[in-house]
Structures are given as structure tokens and as C-alpha cells.
Amino acid sequence: MNRRFQSLIALIAVTLASWATPPRDVLGNQAPVLSGESQLIEISSPSEWLIRAAGYGPRKRGEIVAIDDARWSAVRYVAIGGTDPLVQTPAERERFSRFESKLREPAELAKYITWESSKLVSRTEIGDRVKIVKDFKVNRKMLQDDLITAGIVDDVDEAALGYPTIMVLPLVDAAEDPIRALSDPVIGHIAGSIESHLTAQGYDVLVPSQNLLGQEVVEASRTIRSIYSDDQRALALAYGSDIYMSFSVLWNDENIGGAWARKASVVVRMFEATTSRLLGTETGYSGMRPATDEVLAEEAINDAVPKVVSRAQRYWKEDRARGQQYLAHVSFSGGLSRDAIQRIQDGLPAYFREAGHIVYFKEEVVTESSADYRLWCDPDRIGSARELGRKLGATIEHLAPGTQVRMPILTRKMAILEVSR
């Protein structure tokens, strides 16, 4: 009985030791720390992230080893950890796994650590090992550039489609004009700060101005709004934006020791323009302190925008493989017979499957009076919505002889076709 009890105690001790000791690879080296051992504390700027990371080393004189391990954990978190890693696709992750050993070298890590706290957050002894937790700032932009140069991460800019075009708009009530709302100093400042983040990442940015609205854009947005009943989507499609971002700000006031302080909360949402599909949403917060609204709002933006912007790159990488995306809206006049409409609605999907210039398509909404299609086209064969619209018009006239097709609205992303007798 006593011997069984001793064996049980030994088994428990071995089990606890295996839980407490970090995993090791097949060579006996300590395995890379998982992203759960690191966390994002703050986005200091569009290029710098503050990371709190853990590292392990031998218990005796192993703190230096543990700090090196924590540096690696911080850099690795920015590369593949969290919700918005630089390495995103399965192919990129496979290439990164072969690059890790080089990236982990102290000289390599030093390039990306721009600041390191002089104090430890914590130090814990676990069996024969020591675990430390420390704060680091990692240059995310430099790491991204180096991963692209090394061929680990695909560079969106190298693709024929380039970077997506993004429009920035405030979230307003249905009766309000989002463009007119930009004339408010604080709202305009928020839009400008978001634009700064986006341009720093290489995106083409559209921040529309009431003074720059041409009559064609006004008419296009009015027509598109009548179809989809969404002001922001209508403006994005009218301007030819691939993605649009909406933002809203809330203020919280508090009396602290007889002095009023204020805190800003900025909610940023990102949508794909052709379908209004939500790509991501983040909320950023400022500190509670006496400061101008512009300063507090910018602090909250620094917390939210970089997180949601990486969703745009992830979406673009996945979507660009299919080609350049367009939205085609086909409307039918009252003079068309049901038979003609049926032939067109049945014939267009068959044409999309056979046409070599159309890589992929989705039939979105079909009614007795209209049909909506999303089309991904080979950019080498279809260079614009106008070119696509002409091909669709010729196909429709072939499917229903005697019909006429006109294109009252053409934008960079959308063609509206009207079919009549």
C-alpha cells in the first residue's frame, strides 16, 4: 500500500513538471512560445506595437536566456499571433515555419525591438526553469517589409490588382448626409487621422468632399441609393471604392477631483463595397483626462484602426485570386415580355460559366424587374466596368432579340444596365 502511494506521488510530480515546463522540439530545444504567452497592450503608431511577452530560461542564471525568449515571443506574436497577424494564409504560415530559426537569432530580433522596458512585469520560478514577463515595442512595418522581401508574406502591391481603394465615411442618421458631416471639425479630424493610417500602409484612400462632388457622382450615388437604400454603400460604389470604412465616436465625461475629464470611444467598421459585407469592426479608447476632443479621438483611433485595417489586406489577398470584382445591376422596363426577361435571366449565368474573361460569379438577387450579379474578371481581358458592361449588353441583346441595352451609370466598380424594347 505504501509502495503504491509512493508511485502515485511520483506520477503526479512527473505530470505537474510536464505541465509547468515549456514544450521542447525534437532536437531538445525549447519550442517557440505560443501566441497565448504574449498579448497586445497598445498600438503606439501605425508602425509600432507594444507587446507584453513571456520568456523561459534555466532557473540558475537563466534570466538573460528568458529575456531573449521573451523578445522572440513578442516578435513572433506580431508575425503570426493574435487576430491580425502579418502571416495570414496557410501558404504563408508554411513558409514562415521554415524561416523561424533565422528570425529567432538575437541579431535579427534586435532589428525589430525598438524599445524594451527596463523592469520586468513578473518573474516566476517553475521547477528548474524561470519565467519572466516583459514589455517590448515591435516595429511591425519593418517586420512586414522584411517578410515580404524574404518571400514569406505575399505583397499585395505585386499583384496586378494593387492595393484596394478605401473610402472613409462617418456613420450618421438616415436623414443626414455623411459628406456634409465631414465639415464638423472633430469628425473631419477623425477622418483625416484614419486616412493617415491607411496611406501609411500604402492604400489608396478616398475621403470625399462636398466641394469635389461632380454631377456624375451625385447622379450615380442617387441612382445606386434608390437600388440599395444605403448611403455609405452608394457613395462607395459611385466613387469606385473597393472597401469603405465607417466610424462613430462616443464621449464619456467625468468629474475627477473637481476637474472635468473626458474619454473618447471610436468604433470603426469596414465593409466590402459591392455587397456591404462586414469585414471587421474594432473599438478604440482614449484615456480619461482633460484634453481637446481632437487629441482624445486620435488616441482612440490609434487603438482601433490598425487592427481593422489588417482585415482589409486579408480580404484582398483572398479576393484578388479570383480577379477584379465588379457589380452588375440589370433592370428590365415594363415593355419587356416575361418570356424575354426569363431568357435573359436564364442565359446570363450560362454565359458567365462559359466566358473566358469571367473567372467566377455569384447571382445575388433576381426579381421580375431586375437582377444583380457579382463578377470576378480576368484583369488582362477586362480592364474596366465599361468594357464588361458592353459585353453584357451585347449578350443580353443576343439572348432576347429586339431588346436594347443602355448603361446610364458606370463607375469603377459597377455597371447599371437598363434593358427595354
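In the block above lies the structure referred to throughout.
To start, this report covers the structure provided alongside it. Quick caveat, the model's predicted, so the values are computed rather than measured. (Residues numbered from 1 in each chain as written. Predicted model: local features only at pLDDT ≥ 70, side-chain atom pairs only at ≥ 80, totals over all residues. Heavy atoms only, no water.)

## So, the overall build of the protein chain
Scanning the protein chain from terminus to terminus reveals twelve helices and 15 strands. For the protein chain, contacts bridging at least 24 residues in sequence account for 65% of all contacts bridging at least 6. By element, 50% of the accessible surface of the protein chain is carried by carbon and sulfur atoms, the whole surface being about 20,600 Å². (Helix = DSSP H or I, 4+ residues; strand = E, 2+ residues; numbered from the N terminus. Contact = heavy atoms within 4.5 Å. Areas by Shrake-Rupley, 256 points an atom, 1.4 Å probe, with all protein chains shown as cover.)

## Some thoughts on the pattern of salt bridges
All chains considered together, the criterion is met by 23 salt bridges. The closest approach of N and O atoms between R374 and E364, which form a salt bridge, is 2.8 Å. Linking R374 in strand 13 (residues 370-377) with E364 in strand 12 (residues 358-366), this pair joins segments that are ten residues apart in sequence. (Salt bridge = Lys/Arg side-chain N within 4 Å of Asp/Glu carboxyl O.)

## Observations regarding the environment of R180
Topologically, R180 is positioned in helix 6 (residues 178-181). Separated by 28 residues in sequence, R180 and P208 have C-alpha atoms that sit 9.7 Å apart.

## A closer look at the packing of helix 7 (residues 185-200) against helix 10 (residues 293-320)
Between helix 7 and helix 10, the shortest axis-to-axis distance is 9 Å and the interhelical angle comes to 35°. Seen along the crossing, helix 7 lies across helix 10 with a hand that is right-handed. Taking contact as the criterion, the partners of P185, V186, H189, I190, S193, I194, H197 and L198 in helix 7 are, on helix 10, D293, E294, A297, E298, I301, N302, V305, P306 and V309. A breakdown of the residues in the contact of helix 7 with helix 10 according to their chemical character gives ten nonpolar, four polar and three charged. (Axes fitted to C-alpha atoms, helices over the stretch in contact; angles between N-to-C directions. Left-handed = near helix turned anticlockwise from the far one by under 90°. Nonpolar A, V, L, I, M, F, W, Y, C, P; charged D, E, K, R; others polar.)

## Examining the sheet that holds strand 14 (residues 404-410)
Pairing is mixed in the open sheet, where five strands are placed in the order 12-13-11-15-14. Only two strands of the sheet have a single neighbouring strand rather than two, namely strand 12 and strand 14. Neighbour-to-neighbour, the strand axes of the sheet open up by a mean angle of 25°, direction not taken into account. Sheet analysis places strand 11 (residues 324-332) next to strand 13, joined by eight bridges and oriented antiparallel. From the neighbouring strand, Q324 faces strand 13, where its bridge partner is C377. (Pairing = 2+ DSSP bridges.)

## Some thoughts on the pairing of strand 9 (residues 259-272)
Here strand 8 (residues 243-256) pairs with strand 9 via 14 bridges, running antiparallel. Residue pairing for strand 9: L250 is matched across the bridge by S265. Remark: two residues form the turn of the hairpin made by strand 8 and strand 9, two consecutive strands paired antiparallel; G257 in that turn has positive phi of roughly 60°. Bridge count between strand 9 and strand 10 (residues 277-285): eight bridges; the pairing is antiparallel.

## Regarding helix 5 (residues 140-149)
Among the residues of helix 5, R140, L143, Q144, L147 and I148 are the ones counted as buried. Seen end-on, helix 5 carries its buried residues on one side only, within an arc spanning 135°. The distance from a side-chain oxygen at the start of helix 5 to the backbone nitrogen of K141 is 3.3 Å, and the residue carrying that oxygen is N139. (Buried < 20%, exposed > 50% of the residue type's maximum accessible area, 1.4 Å probe, protein only. Arc of directions from axis to C-beta. Polar contact = N/O pair within 3.5 Å; in protein donor to acceptor, adjacent residues only side chain to side chain.)

## Some thoughts on the nonpolar core
I190, I194, L198, M245, F247 and V268 are the most contacted members of the largest nonpolar core, which totals 32 residues. If you list the elements that add at least two residues to this core, you get strand 6 (165-170), helix 7, strand 8, strand 9 and helix 10. Considering every element that reaches this core, the biggest residue donor is helix 10, with eleven residues. Leave out the neighbours within four places in its chain, and V268 touches M245, S246, F247, G280, T281, E282, A304, V305 and V308. Ranked by size, the runner-up nonpolar core spans 31 residues in total, among them I80, I113, V130 and V138. (Core = buried A, V, L, I, M, F, W, Y, C linked by side-chain atoms within 4.5 Å.)

## A look at the sheet that holds strand 6
What the five strands build is an open sheet, ordered 7-6-8-9-10; its pairing is mixed. The open sheet has two edge strands with one neighbour each: strand 7 (204-206) and strand 10. Strand-to-strand, the axes of this sheet are offset by a mean angle of 25°, without reference to chain direction. Inspection of the sheet shows strand 6 paired to strand 8 by five bridges, in the parallel sense. For L169, the partnering residue across the bridge sits in strand 8 and is S246. Packing against the sheet, helix 9 (residues 231-239) makes contact with strand 6, strand 7 and strand 8, and its axis sits at approximately 145° to strand 6. Strands in contact with helix 10 are strand 6, strand 8, strand 9 and strand 10; relative to strand 10, the strand with the most contacts, it is inclined by about 150°.

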